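Next come the chains, spelled out residue by residue.
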Amino acid sequence: MTGDPRVRTVLGDIDPAELGVTNAHDHLFFASKLLPGQELDDPTAATELLLAFKMAGGSALVQWTPYGLCRRTRELAWMSNEIGVHVVAATGLHRAEHYAPVIVDRVIDGLVKEFVADLTEGTQPADLPDEPRTGPRAGLVKVAGAFHTIDSHARLTMTAAAVAHQETGAPIAVHLELGTAALETVELLCDKLDVSPEKVILGHLNRNPDPRIQREIAETGVFLGFDGPSRANHASDWRLFDGLEALVEAGHGGRILLGGDTTTAAARYQPGAPYLLTTLAPRLAKRLGGDVVTAMLVANPGRAFATSWLK
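What you see is a predicted model, and the numbers here were worked out from it, not measured in a lab.

A. Quick look at the packing of aromatic side chains. By the definition in use, this model includes 0 aromatic pairs. The ring of Phe223 carries Arg255 above its face, with NZ or CZ at 4.5 Å from the centroid.

So, in structure tokens, the structure goes:
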């Protein structure tokens, strides 16, 4: 790759140093058939949430909503400009279960073309595939694994993501179903498809809080996403602090990313994106030290989401 690394936001490419305090995985907009009645599709509520995040000290938010799940990139650009928070949008494809079959059928035979166009030309709504690509460009490819395995759909989407990465330089973010199949994902993307580990971000590692596996994943060199904290029904939540402390003590603090991962209307304010900065970060700072947590929120995202774009 050539050129200085840049983060591709919905308002254009920026120097990684401009990103600032970053929520590395969240959703201002998201709608899945698996979550009926819980759609995040209200621009007013999304604007209020992004403003609250800014008031809490946030300066950047990375939305992992991929193609066909109500990513609303035009609204993201308007909100980013009005509120003054950097926003990164995604292309990619989630697990097939999240979609009406017609949406998947529309792009499944041309995933690389779709991903590359989103990254380099501009985005468009999935329900208006013939419209010009007047939406802002995406800044990462988001795909997903299956529970404890890489099924045929995941293998297809990850392969397409790897090709799109080779053509553009885009980072690849991976939803790990309940935090599983991380090593299998690394084996496929990095060992077989030649994606550099530093261009891979694995999400939801907090949902499978096995310290030995987490350390083994960290040793591969990928970025480690710990997101969706404070879900009261998740027994893994209280293990988050021990897991992060173990990784930092093992020398892997420079690979950790923190995010909110709000995916339902009910969770928009419970705890919502500001919780990451108002509650979680101060608690982590007491445990790990302020400099360590600042790196997780500022320096690490700057490296994870920046690339020397080829297109």
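B. Up close: empty space enclosed by the protein. One pass over the full model with this rule turns up 1 cavity of 30 Å³ or more. The volume enclosed by the largest cavity comes to roughly 30 Å³. In terms of residue class, the lining of the largest cavity is built from 6 nonpolar, 3 polar and 1 charged.

C. Representation of the sheet that holds strand S10 (residues 223–227) in the model. Here 6 strands make up an open sheet; going across it, the order is S6-S7-S8-S9-S10-S11 and the pairing parallel. The open sheet has two edge strands, strand S6 (90–92) and strand S11 (256–259), and neither has a second partner. Each strand of the sheet is rotated relative to its neighbour by a mean of 30 degrees, with strand direction disregarded. Both S6 and strand S7 (residues 140–144) contribute to a ladder of 3 bridges, which runs parallel.

D. How the structure looks around the layout of surface pockets. Looking at the second largest pocket, its volume works out to about 380 Å³. Leu69, Cys70, Arg71, Pro125 and Ala126 are the residues nearest the centre of the second largest pocket, which is lined by 20 residues in total. Looking at the lining of the second largest pocket element by element, the count peaks at 3 residues for helix H2 (residues 73–83). Partitioned by chemical class, the residues of the lining of the second largest pocket number 8 nonpolar, 6 polar and 6 charged.

E. Spotlight on the environment of Asn300. Mapped onto the fold, Asn300 is located in helix H10 (residues 290–304). Among the residues examined, Asn300 registers a relative accessible area of 2% and is labelled buried. Once the C-alpha coordinates of Asn300 and Ala24 are considered, the two residues, 276 residues apart in sequence, prove to be 9.4 Å apart. Those residues in contact with Asn300 that sit more than four places away from it in its chain are Phe223, Gly253, Gly254, Arg255, Ile256, Leu257 and Ala295.

F. View of the packing of helix H5 (residues 152–168) against helix H6 (residues 182–192). Between H5 and H6, the least distance of the axes is 10 Å, while the angle of their chain directions is 40 degrees. One element, H5, and the other, H6, form an angle in the oblique class. In this structure, H5 crosses over H6, and the sense of that crossing is right-handed. Judged by residue contacts, Arg155, Met158 and Ala162 of H5 engage Thr185, Leu188 and Leu189 from H6. For the contact of H5 with H6, a count of residues per class yields 4 nonpolar, 1 polar and 1 charged.

G. Local environment of the side chain of Thr91. Along the chain, the position of Thr91 falls in strand S6. For Thr91, a relative accessible area of 0% puts it in the buried group. The contact partners of Thr91, leaving out residues within four places of it in the chain, are Pro66, Tyr67, Arg71, Glu114, Phe115, Asp118, Leu119, Ala138, Leu140, Val141 and Lys142.

H. Broad picture of the side chain of Lys142. On the secondary structure map, Lys142 appears in strand S7. No salt bridge is formed by the buried Lys142; the nearest opposite charge belongs to Asp261, separated by 6.4 Å. For Lys142, the contacting residues outside a window of four places in its chain are His27, Trp64, Pro66, Ala90, Thr91, Gly92, Leu93, His94, Ala173 and His175.

I. Local environment of the pattern of salt bridges. Counted under the stated rule, the structure contains 14 salt bridges. The partner of Arg133 in a salt bridge is Glu114, and the shortest N-O contact between them spans 3.1 Å. With Arg133 in the loop between helix H4 (111–120) and S7 and Glu114 in helix H4, the pair connects residues that are 19 residues apart, well separated along the chain. The partner of Asp118 in a salt bridge is Arg133, with the nearest N and O atoms 2.7 Å apart. Placement of Asp118 in helix H4 and of Arg133 in the loop between H4 and S7 is noted, with a sequence separation of 15 residues between them. The exposure class of Arg133 is partly exposed, given its relative accessible area of 21%. One network of salt bridges, with partners in common, ties together Arg71, Glu114, Asp118 and Arg133.

J. Quick look at H10. Here H10 spans 20 Å end to end across 15 residues, near enough to the 21 Å set by a 1.5 Å rise per residue. Most pronounced at Met296, the bend in H10 amounts to some 40 degrees.

Thresholds, definitions, all that
Residues numbered from 1 in each chain as written. Predicted model: local features only at pLDDT ≥ 70, side-chain atom pairs only at ≥ 80, totals over all residues. Heavy atoms only, no water. Phe/Tyr/Trp six-rings, centres within 6.5 Å; stacked < 30°, edge-to-face > 60°. Lys NZ or Arg CZ within 6 Å of the ring centre and 35° of its normal. 1 Å grid on protein atoms, 1.4 Å probe; cavity = no way out; pocket = protein on both sides within 12 Å on 5 of 7 lines; lining within 4 Å. Points joined across faces, edges and corners; volume = space filled by probe spheres on them. Nonpolar A, V, L, I, M, F, W, Y, C, P; charged D, E, K, R; others polar. Pairing = 2+ DSSP bridges. Helix = DSSP H or I, 4+ residues; strand = E, 2+ residues; numbered from the N terminus. Axes fitted to C-alpha atoms, helices over the stretch in contact; angles between N-to-C directions. Buried < 20%, exposed > 50% of the residue type's maximum accessible area, 1.4 Å probe, protein only. Contact = heavy atoms within 4.5 Å. Parallel < 35°, antiparallel > 145°, perpendicular 65-115°, else oblique. Left-handed = near helix turned anticlockwise from the far one by under 90°. Lys, Arg positive; Asp, Glu negative; His and termini not counted. Salt bridge = Lys/Arg side-chain N within 4 Å of Asp/Glu carboxyl O. Expected span 1.5 Å × (residues − 1). Bend = angle between axes of the 7 residues up to and from the residue.

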